Amino acid sequence: MNLPNVLTLLRIVLIPFFIIAYYWPIPFAGWISAGIFALAAVTDWLDGYLARKWQQESSFGAFLDPVADKLMVAAALILLVDTYGRLFSDWPAILSIPAIIIVGREIVISALREWMAEIGERAQVAVSMIGKAKTALQMLAIFIMIGAAPGTTLAWIGVGILYAAALLTLWSMFVYLRAAWPHLKPNQ
């Protein structure tokens, strides 16, 4: 167990705290929850940076890091879909659409990476700059929407950023699938 792996585990441990803070009936609960989410997001960057810098990359870390990321983002999106769906009953799917795109892409790309690793072609679907940009926008959008009161200008900016992240999500999925296509297409 090294510090990068501890940071990854911390990200998972923070999930229930961020959920509790989100629903806590106190002033600024949203911003407290957003702060916990931001701390978790920073550990996402920091664990990878430290693992590479200190040459402490491990199989455990390589497995757990994307799991922690997906758990954190999925939990946040579920909270937001629930909140916005109840508050904006005229259009309850306002966040369901980008949430489904984001979660669906994560499932597809995780399966693709696993399959490509099995055939020895994992490098074909390594994390790209588009994927990193998508993640940054997604984290920023979630942070804003968790902290800001729904319906405020800031919250709507967060919704717009989440839709931009969803578009980058589709684009990055296309890039990964295109890179893997020679290994996916049926033999003629």
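Just so it is clear, the model here is predicted, and its values are computed rather than measured. (Residues numbered from 1 in each chain as written. Predicted model: local features only at pLDDT ≥ 70, side-chain atom pairs only at ≥ 80, totals over all residues. Heavy atoms only, no water.)

Engineer: Teacher, can you tell me more about the side chain of N2 here?
Structural biologist: When you line up the elements, N2 lands in the segment before α1 (3-23). N2 gets classed as buried once you look at its relative accessible area, which sits at 16%. Looking at N2, its side chain comes within polar contact range of the main-chain nitrogen of N5, at 2.9 Å. (Helix = DSSP H or I, 4+ residues; strand = E, 2+ residues; numbered from the N terminus. Buried < 20%, exposed > 50% of the residue type's maximum accessible area, 1.4 Å probe, protein only. Polar contact = N/O pair within 3.5 Å; in protein donor to acceptor, adjacent residues only side chain to side chain.)

Engineer: What is the right way to read the pattern of salt bridges from this model?
Structural biologist: When charged atoms on two side chains of opposite charge get close, those side chains can pair. One pass over the structure, following the stated rule, counts 8 salt bridges. One salt bridge in this structure joins D69 and R11, with 2.9 Å as the shortest N-O distance. Taken together, the residues D69 in helix α3 (residues 59-87) and R11 in helix α1 connect sequence positions 58 residues apart. In this pair, the class of D69 matches that of R11, namely buried. Notably, a salt bridge pairs E106 with K70, separated by 3.2 Å at the nearest N-O pair. Of this pair, E106 sits in helix α4 (residues 96-118) while K70 sits in helix α3, placing them 36 residues apart in sequence. In this structure K70 comes out as partly exposed when scored by relative accessible area, which is 27%. (Salt bridge = Lys/Arg side-chain N within 4 Å of Asp/Glu carboxyl O.)

Engineer: What's the story with the nonpolar core in this structure? I'm lost.
Structural biologist: Judged by nonpolar contacts, the single largest core of 32 residues is most densely connected at F18, F37, L80, Y84, L95, I142 and I146. Those elements that place two or more of their residues in this core are α1, α2 (29-53), α3, α4, α5 (129-147) and α6 (153-184). Among the elements that line this core, the one with the most residues is α3, at 8 residues. Contact partners of I146, with chain neighbours within four places excluded, come to F18, Y22, G30, S33, A34, F37, A76 and L80. In this structure, L112, M116, M173 and A180 belong to the second largest nonpolar core, which totals 6 residues. (Core = buried A, V, L, I, M, F, W, Y, C linked by side-chain atoms within 4.5 Å. Contact = heavy atoms within 4.5 Å.)

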